[in-house]
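Fold and geometry: a report
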Amino acid sequence: MPLISVIVPCYNQAQYLDECLQSVLDQTYTDWECIIVNDGSPDHTEEIAKKWVEKDTRFIYLSKENGGLSSARNAGIEIAKGEWILPLDADDKIGNQYLELAEKEFEKGYTIIYCEAEFFGVNNMYWNLPNYSYERILSGNIIFCSSFFQKKDWSKAKGYDLNLQTGREDWDFWLSILQQNSSVKKLQYIGFQYRRKEISMDTEINKNELTLNKTENYIYRKHLSKYLDHHKNAIKNYTILKNKSAKYDTLITKIQKNKFTEFLFKVIEKI
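Residue numbers run consecutively from 1 along every chain, following the written order of its sequence. Reporting of local features is limited, given that this is a predicted model, to residues whose pLDDT is at least 70; pairs of side-chain atoms are given and counted only at 80 or more, and all residues count toward the totals for whole chains, interfaces and linings. By convention in this description, side-chain values take in all heavy atoms of the structure and omit both hydrogens and water.

By definition, pLDDT measures how confident the predictor is in each residue, and it falls between 0 and 100. Predicted confidence across the chain gives a mean pLDDT of 87, with 80% of residues reaching 70 or more. Every residue in residues 247-257 scores below 50 in pLDDT, and together they form 16 contacts with partners more than four places removed in sequence or on other chains. The contact criterion used is simple: two residues touch if any of their non-hydrogen atoms lie within 4.5 Å.

Spelled out as structure tokens, the structure:
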């Protein structure tokens, strides 16, 4: 049985940490380690984490100076002993069969393994995510953070990008490890529960257009070669992406055409 490393970064989420870690302890698959990363949290994260370390030796506690979510995940993965990694934010939960069902797919050549999901907290409902395709992941993030990937891919990508302090670090990471011919598996099991709160990182970045544009433009610039693989002309490139996605859903409309093509043209002019 392969060891799975669950990485739980925590900053000011101590009130939710027990619930999160209990969902790890409840797993039907038992060969795991859970690395709790205290990212310089000013609350009582350390007290709670050490309680779990005493309860079960599979829990490991790591304390570091505050550096943000990407930094905390990287610190945990750096010391992880498992071949497969599962990030899990301290305010979220996983279903008790998630590790078991994912492990059955490990030898089938997938780059990412994830599952169906639901919201809980402020909103309680099924999370209706579109099925994966490479064109869709280029258009926007359709895979949540708590998905399985191999540590060797994390190493090749040089980890989560520390420059992304306000969000979208998951999307950037998926773009870093995925290629057009990569295989992705979505389990037919609701194995991830995402806590909805009044204020969170994803809701805050969506409210701030300036920050959102800066973040997404940074990601487009970083992965420009993947976008231009479809066509070297920015408008034709966008049209190809739009046509491939439109027959499935309207996710592509979330990207503003003018902003997207204008940015690509600016970069192309400098090449």
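Another point: the packing of aromatic side chains. Each Phe, Tyr or Trp ring (for Trp, its six-membered ring) is paired with any other whose centre lies within 6.5 Å, and the angle between the two planes then decides the class: stacked below 30 degrees, edge-to-face above 60, tilted in between. Inspection of every chain in the model, using the stated rule, returns 19 aromatic pairs. Between Tyr98 and Phe148, the aromatic rings sit 4.9 Å apart at their centres with planes inclined by 75°, giving edge-to-face as the arrangement. Linking Tyr98 in helix H4 (residues 98-103) with Phe148 in the loop between helix H5 (134-139) and strand E8 (149-150), this pair joins segments that are 50 residues apart in sequence. Exposure classes here rest on a 1.4 Å probe applied to the protein chains alone. A residue is buried below 20% of its type maximum, exposed above 50%, and partly exposed in between. Classification of Phe148 by relative accessible area gives buried; the value is 0%. Secondary structure counts use DSSP, requiring at least four H or I residues in a row for a helix and at least two E residues in a row for a strand, with both numbered from the N terminus.

Before going further, it helps to spend a moment on the packing of helix H1 (residues 14-25) against helix H2 (residues 45-55). Here H1 crosses H2 at 20°, and the two axes come no closer than 9 Å. Classified by the angle their axes make, H1 and H2 are roughly parallel. For the pair H1 and H2, the sense of crossing is right-handed. Taken together, the residues of H2 that come into contact with H1 (itself represented by Ala14, Leu17, Asp18, Leu21, Gln22 and Leu25) are Thr45, Ile48, Ala49, Lys51, Trp52 and Lys55. Polar here means any residue other than Ala, Val, Leu, Ile, Met, Phe, Trp, Tyr, Cys and Pro, which are nonpolar, and Asp, Glu, Lys and Arg, which are charged; Gly is therefore polar. Residue composition of the contact of H1 with H2, grouped by class: seven nonpolar, two polar and three charged. Note on definitions: angles span 0 to 180 degrees between N-to-C directions of axes, and those axes are lines fitted to C-alpha atoms, for helices only across the stretch in contact. Reported orientations rely on four angle classes, namely roughly parallel under 35 degrees, roughly antiparallel over 145, roughly perpendicular from 65 to 115, and oblique for the rest. By definition, turning the near helix anticlockwise from the far helix through less than a right angle yields a left-handed crossing, and turning it clockwise yields a right-handed one.

Two numbers describe how helix H7 (residues 169-177) lies on helix H9 (residues 209-222): the axes approach to 11 Å, and their chain directions differ by 5°. Here H7 is positioned roughly parallel relative to H9, judged by the angle of their axes. Note on element contacts: H9 touches H7 through Glu216, Ile219, Tyr220 and Lys222, opposite Trp171, Asp172, Leu175 and Ser176. Of the residues assigned to the contact of H7 with H9, the class counts are four nonpolar, one polar and three charged.

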